[in-house]
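Structural features, examined
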Amino acid sequence: MRICPQGGALPTIVDAVEFLGEVATADPACAAEAASGVRYLLDTDDRPVRHGLLRAARNGEALLAAVRVVVGAADQRP
C-alpha cells in the first residue's frame, strides 16, 4: 500500500483516487459509497487535474482509470 506519491511530490487527485481504488478493491463493501462520490468524473469533460502541463492528458487518463477501478469494484460487490 502506498502512503505518498513517489519522489516526495505533493499528492494529487489522481493519487487519492488511485488509493481509493486500492481500498475499494480490497474491501468491495465500501466501494459503493466511494463510487457514488467519483462516478461523475466519467461523464465530465473537465477533469480536476492541473491543466497546461505536459502531463495533463496523461493525468486525466490516469484519473479515469482509477475511477473505473472504484466503479468496477462497486459493480462487482455482492
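In what follows, the structure referred to is the one given above.
Below is a short write-up of the structure. Values in this document were obtained by computation on a predicted structure and should not be read as measured data.

The secondary structure content of the chain amounts to 3 helices and 0 strands. The helix and strand sequence of the chain, counted from the amino end, reads α-α-α. Evaluated residue by residue, the chain yields a buried proportion of 29% over its 78 residues. If you sum the accessible surface of the chain, you get close to 5400 Å²; carbon and sulfur atoms cover 57% of it.

What follows covers the nonpolar core. Looking at soluble globular proteins, one finds that nonpolar side chains tend to be buried together. Counting 15 residues, the largest nonpolar core has V17, V38, L63, V67 and V70 as its most contacted members. Elements with a contribution of two residues or more to this core: α1 (13-26), α2 (31-38) and α3 (56-76). Per-element tally for this core: the top contributor is α3, with 7 residues. Those residues within four positions of V38 in sequence are excluded, and the remaining contacts are V17, L20, V67 and V70.

What follows deals with α2. When we look at burial in α2, the residues that qualify are A31, A34, A35 and V38. Down the axis of α2, the buried side of the element spans an arc of 100°, and every buried residue falls inside it. With respect to the buried face of α2, the exposed residues turned more than 90 degrees away are E33 and S36.

The topology assignment puts L64 in helix α3. We classify L64 as buried; its relative accessible area is 4%.

Definitions and limits used
- Throughout, residues of each chain are indexed from 1 in the direction in which the sequence is written.
- Note on the predicted model: pLDDT of at least 70 is required for a residue's local features to be given, and 80 or more for side-chain atom pairs to be given and counted; whole-chain, interface and lining totals, by contrast, use all residues.
- Working from all heavy atoms in the structure, the side-chain values ignore hydrogens and water.
- Secondary structure elements are taken from DSSP: a helix is a run of H or I of four residues or more, a strand is a run of E of two residues or more, and numbering for both begins at the N terminus.
- Buried residues are those whose accessible area, probed at 1.4 Å on protein chains only, stays under 20% of the maximum for their type, while exposed residues exceed 50% and partly exposed ones sit between those limits.
- The Shrake-Rupley method, run with a 1.4 Å probe, gives the accessible areas here. Residue values count only the displayed protein chains as cover.
- We call a set of buried residues a nonpolar core when its members are Ala, Val, Leu, Ile, Met, Phe, Trp, Tyr or Cys and they connect through side-chain atoms within 4.5 Å of each other.
- In this description, contact between two residues means that some pair of their heavy atoms is separated by no more than 4.5 Å.
- Our arc is simply the arc of the directions from the helix axis toward the C-beta atoms.

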